[in-house]
There are 2 protein chains.
Amino acid sequence: MAYHAFSEQEAVEYARKLPGIFSENAVLESREIGDGNLNLVFHIKDKNSDKSVIFKQALPYARVVGESMPLTLDRSRIESEALIIQDQLCPGYVPKVYHYDKELALTVMEDLSDHVIMRRGLIEGNRYPKFSEHIGLFMARTLFLSSDFALGFKEKKERVAQFINPELCKITEDLVFTDPYFDAESNNFNPLIRAEVEKIWNNAILKSEIAKLKFGFMTEAQTLLHGDLHTGSIMVTKESTKVIDPEFAYYGPMGFDIGALIANLLLSFAAQEGWKEDPLECQDYRSYLSKTIIDLWLVFEQEFRALWKEHVKDPMYSSSAYVDEFVARLLKDSAGYAGCKMMRRVIGLAGVADLKTIEDEQRRAKAEILALEIGQALVMSRHSLTSVDELVEIAKKAVK
Amino acid sequence: MAYHAFSEQEAVEYARKLPGIFSENAVLESREIGDGNLNLVFHIKDKNSDKSVIFKQALPYARVVGESMPLTLDRSRIESEALIIQDQLCPGYVPKVYHYDKELALTVMEDLSDHVIMRRGLIEGNRYPKFSEHIGLFMARTLFLSSDFALGFKEKKERVAQFINPELCKITEDLVFTDPYFDAESNNFNPLIRAEVEKIWNNAILKSEIAKLKFGFMTEAQTLLHGDLHTGSIMVTKESTKVIDPEFAYYGPMGFDIGALIANLLLSFAAQEGWKEDPLECQDYRSYLSKTIIDLWLVFEQEFRALWKEHVKDPMYSSSAYVDEFVARLLKDSAGYAGCKMMRRVIGLAGVADLKTIEDEQRRAKAEILALEIGQALVMSRHSLTSVDELVEIAKKAVK
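Numbering of residues begins from 1 in every chain and follows the order in which that chain's sequence is written. For this description, chains carry letters from A and ligands carry numbers from 1, given in the order in which they are written. pLDDT decides what is reported in this predicted model: residues at 70 or higher carry local features, side-chain atom pairs at 80 or more are listed and counted, and totals for whole chains, interfaces and linings draw on all residues regardless. Hydrogens and waters are ignored; side-chain quantities use all the structure's heavy atoms.

Asks: I'm lost on the interface of chain A and chain B in this one. Help?
Replies: It is common to report an interface's size as the accessible area lost on association of the parts. Residues count as neighbours in contact if any of their non-hydrogen atoms are within 4.5 Å of one another. Contact residues are listed per partner, giving 38 residues for chain A and 38 residues for chain B. Two parts placed together each lose some accessible area under a 1.4 Å probe, and the buried area is that loss summed for both. Both faces considered, chain A and chain B share a buried interface measuring about 3,500 Å² in area, 71% of it formed by carbon and sulfur atoms. Three residues, A:Lys157, A:Phe215 and A:Met316, lead the burial of chain A against chain B; their summed loss comes to 21% of the area buried on that side. Salt bridges, as used here, are contacts in which a Lys or Arg side-chain nitrogen is within 4 Å of a carboxyl oxygen on Asp or Glu. In this assembly, chain A and chain B are joined by eight salt bridges. For the salt bridge of B:Lys214 with A:Asp314, the shortest nitrogen-to-oxygen distance reads 2.5 Å. Polar contact criterion, stated in full: a pair of N or O atoms within 3.5 Å, where within protein one must be able to donate a hydrogen and the other to accept it, and residues adjacent in sequence count only if both atoms are side-chain atoms. Here chain A is connected to chain B by twelve residue pairs in polar contact (both at pLDDT 80 or more). Secondary-structure elements contributing two or more residues to the side of chain A that touches chain B are helix H5 (153-162), helix H6 (166-175), helix H8 (204-219) and helix H11 (320-347) of chain A. The dominant element in the side of chain A that touches chain B, judged by the number of residues it contributes, is H8(A), at nine residues. Secondary structure elements are taken from DSSP: a helix is a run of H or I of four residues or more, a strand is a run of E of two residues or more, and numbering for both begins at the N terminus.

Here it is in structure tokens:
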């Protein structure tokens, strides 16, 4: 079937014909639940059995602040292929892909309606006791097992070609690593923090450090990244963690995924005083977020080292001196990328609800300035970091 | 025509049919001039006009120390496509490609019989006054202009995929970055230097540093490298420099090409006492080689910075702080890769004539040990290098 955007009715008809999903006497209903900026998302349910699936169809454009720009449908292939690989490497931590239709840029996948988007959960002040363990494991397995440390020399290099993803990488190159550090048209920040933003624009040393991280993002083909691992790409319950939406997947530096996640937890950390009147409550939730960061890194590191021991056959890479060196550098990289990801969410085009929904402008400004301070400190201090505790200390010290 | 290895007669018949190369009444003769280990090389000449071309046909195997292992014919595509790009980026510094036949894995190219292989020229004690300028320019233009600093975001990433070259990269990964640092079967060194080689095998810190360089070789997709830029891949006259044989081309770290070249000049440096009886003569030629390294880096850096100024539009990359930082890191990388390339030529499978042809075993051992010392010092001291003079000083200091 030639590409065209599905109606709800077309989605139902397509679902009915898919083998092995719904029974013959299913009574299907469809509801479009996406935000319509990049993709159509249909929730399709059999009223008889309560069985349901998600249809995600890429649109051939991105709608950003009112404007529409063309965007490759190939991101749908990238997303479905990345989900299938991630599920092989860490089963149960991503939605199951039931079907992929290249022509229609359509992925049919597991319905996760019993989960909530983690960002919303954090804004509501919820806690997810198994999250650190789950996400640490997910990152260790996906990042390690797609790298040169685990794949054969041919397979890894063919995967690099398979996941060449220029258009979506370009969005990150611009919106994470460039525009926020200049007076770019795309920027969108609270006027009350203009003085602090201008300090960043005028900080040549900071910008040179960010340029290094940008070049790393553009050239270091270490492993298959999720590519956009923020708390809006994670769905959770108290018991379960599912990572969704890997359309930005490509071969890049491991620290970029870890940094994205840490950044988004620290954005929630920075937003707390905007949300909570009681300083003790605020401090308590910050402790929870800090512990989450420390725990997820420790789980990550433990699993990463275990995988190293199990998989690395290359004698150059198997020495303990090199593993230590690699993990130490990875922490520094992760801190640097976390810093960029924090600043861009305050200054750049795509804000985060954690901050944007703080109603009082003054309190929002205070939280945003705190996020900028943590972000800058992470970028500038990363070379001397030796533990994840020190990383978290940077955030704690920035709180006045 | 389906792939089969050409006979001289078949090469002549093929040449006669190529449009625009020989005239109708040409009297063609063919001579196979390759070493037959990896490729057939035919020199085809018209006796009437003296016009000549080179046919280079890849063989589907590599013959190494008697054994034969299959090797992809795709390297022939890589080589011809790399030559065409290099000629566009730096015209006149590589042989012109007249024709490429994918089926036959055959490249028809400019005959450079008036040039000599530079390694042979150096062994004979010749000097090439224009070489530093030529090769500095060639490296600056090819390395800069295929990078993210010059190419559009799509074109660069598509080129990464175009030059995925797993089998030939694997040869480098094994023979440059792994086997020499262990008691590997492939190694092939002078028994007189065994004690020094074992010291390297037992040096965990050195090997961890080499592992970092290996990981950089495997993951840092900075630019289209030549991939094997030693003095055996360069043909020279006093007036002209031509870089040949880019079958190892792939997207890798810029420092690898620069390091390969510096390593091979320093191998000649290390070999001098094996060749020259007169210490003054020896010292004089070493000064020439040292000056060549310094000059080629300075030309490289000047041209690289000029290209940067001309081409870099991305505001993150255009600051002078970042350029300085980038060039400084590139020198360190180049020194590190040079060190690996030196050690592998002494310990590993593929030696260099500069050392191998020193007849006196004791003198050869002395030169080889000097090469190992320089190689180790380059790897270990690279982080603190701030100028190419300091790099050359490392070699000079190693001379007892």
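Asks: How do you make sense of the side chain of A:His230 when you look at a structure like this?
Replies: Residues and elements named next belong to chain A. Inspection of the secondary structure puts His-230 in the loop between strand E9 (223-225) and strand E10 (234-236). Whether a residue is buried, partly exposed or exposed follows from its accessible area with a 1.4 Å probe, protein chains only, as a fraction of its type maximum: under 20%, in between, or over 50%, in that order. Judged by its relative accessible area of 11%, His-230 is buried. Other than its neighbours up to four places away in sequence, His-230 contacts Arg-119, Ala-260, Asn-264 and Arg-345.

Asks: Would you mind showing me how to read the environment of A:Phe6 here?
Replies: Residues and elements named next belong to chain A. Take Phe-6: it is sitting in the segment before helix H1 (8-17). On the basis of relative accessibility, which here comes to 6%, the residue Phe-6 falls in the buried class. Sequence-wise, Phe-6 and Phe-55 are 49 residues apart; in three dimensions their C-alpha atoms are separated by 9.9 Å. Each residue touching Phe-6, except ones within four places of it in the same chain, is listed here: Met-1, Ala-11, Tyr-14, Leu-40, Phe-42, Phe-55, Gln-57, Leu-104 and Leu-106.

Asks: It is not clear to me how the confidence of the model for chain A should be interpreted in this structure. Could you clarify?
Replies: Detailed reading of the predicted coordinates is not advisable wherever pLDDT falls low. Summary of the metric used: pLDDT quantifies the predictor's per-residue confidence within the range 0 to 100. With 99% of its residues at a pLDDT of at least 70, chain A reaches an overall mean of 96. For this predicted complex, the interface confidence score (ipTM) comes to 0.96, while the overall pTM stands at 0.97.

Asks: Can you walk me through the packing of aromatic side chains in this structure?
Replies: Each aromatic ring pair is characterised by the separation of its centres together with the angle its planes make. Residue and element names in this part refer to chain A. Pairing of aromatic side chains requires ring centres within 6.5 Å, counting the rings of Phe and Tyr and the six-membered ring of Trp. Pairs whose planes differ by under 30 degrees are stacked, by over 60 edge-to-face, and all others tilted. What the rule picks out here adds up to 54 aromatic pairs over all chains. A ring pair is formed by Trp-308 and Tyr-322, whose centres lie 5.9 Å apart and whose planes are at 55°; its orientation type is tilted. In this pair, Trp-308 is assigned in helix H10 (residues 279-311) and Tyr-322 in helix H11, connecting sequence segments 14 residues apart. Taking relative accessible area as the criterion, Trp-308 reaches 3% and is therefore assigned buried.

Asks: I tried to follow the packing of helix H10 (residues 279-311) of chain B against helix H14 (residues 388-398) of chain B on my own but got confused; where do I start?
Replies: Any two packed helices are characterised by the angle at which their axes cross and by the distance between the axes. All names here are of chain B. Fitting a line to C-alpha atoms yields each axis, with helices limited to the stretch in contact; the angle taken between N-to-C directions then spans 0 to 180 degrees. Where H10 meets H14, the closest approach of the two axes is 9 Å, and the angle between their N-to-C directions is 160°. The pairing of H10 with H14 is recorded here as roughly antiparallel in orientation. Handedness of the crossing formed by H10 with H14: right-handed. Facing Ser-290, Ile-293, Ile-294, Trp-297 and Leu-298 of H10, the residues of H14 in contact are Val-388, Asp-389, Val-392 and Lys-396. Charged residues are taken to be Asp, Glu, Lys and Arg, nonpolar residues to be Ala, Val, Leu, Ile, Met, Phe, Trp, Tyr, Cys and Pro, and polar residues to be all remaining types, Gly included. Looking at the contact of H10 with H14 residue by residue, the classes come out as six nonpolar, one polar and two charged. Angle categories: roughly parallel below 35 degrees, roughly antiparallel above 145, roughly perpendicular from 65 to 115, and oblique for all the rest. Note on convention: near helix rotated counterclockwise from far helix by under a right angle means a left-handed crossing. Clockwise means right-handed.

Asks: Help me understand the pairing of strand E1 (residues 28-32) of chain B, please; the structure alone is not making it clear to me.
Replies: Along any regular strand, the residues point their side chains to alternate faces of the sheet. All names here are of chain B. Here, any two strands with at least 2 DSSP bridges between them count as paired. Of the strand pairs in this sheet, E1 and strand E2 (residues 39-46) are connected by five bridges, and their pairing is antiparallel. Paired with Leu-28 across the two strands is Asp-46, which belongs to E2. Hairpin connection from E1 to E2: six residues lie between these consecutive antiparallel strands, with Gly-36 at a positive phi of about 75°.

Asks: Please clarify how the sheet that holds strand E2 (residues 39-46) of chain A should be interpreted in this entry.
Replies: Residues and elements named next belong to chain A. The antiparallel open sheet is built from five strands, whose spatial order is E1-E2-E3-E7-E6. With partners counted over all chains shown, the strands left at the sheet margins are strand E1 (28-32) and strand E6 (97-101), one partner each. Neighbour to neighbour, the strand axes of the sheet diverge by 20° on average, direction disregarded. As judged from the five bridges shared by strand E3 (residues 52-58) and strand E7 (residues 106-110), these two strands associate in the antiparallel manner. When the sheet's bridge partners are listed, Val-53 is paired in E7 with Glu-110. Relative to E1, H1 is tilted by about 135°, and along the sheet it contacts E1, E2, E3, E6 and E7. Seen against the sheet, helix H2 (residues 74-89) touches E2, E3, E6 and E7 and runs at an angle of roughly 155° to E6.

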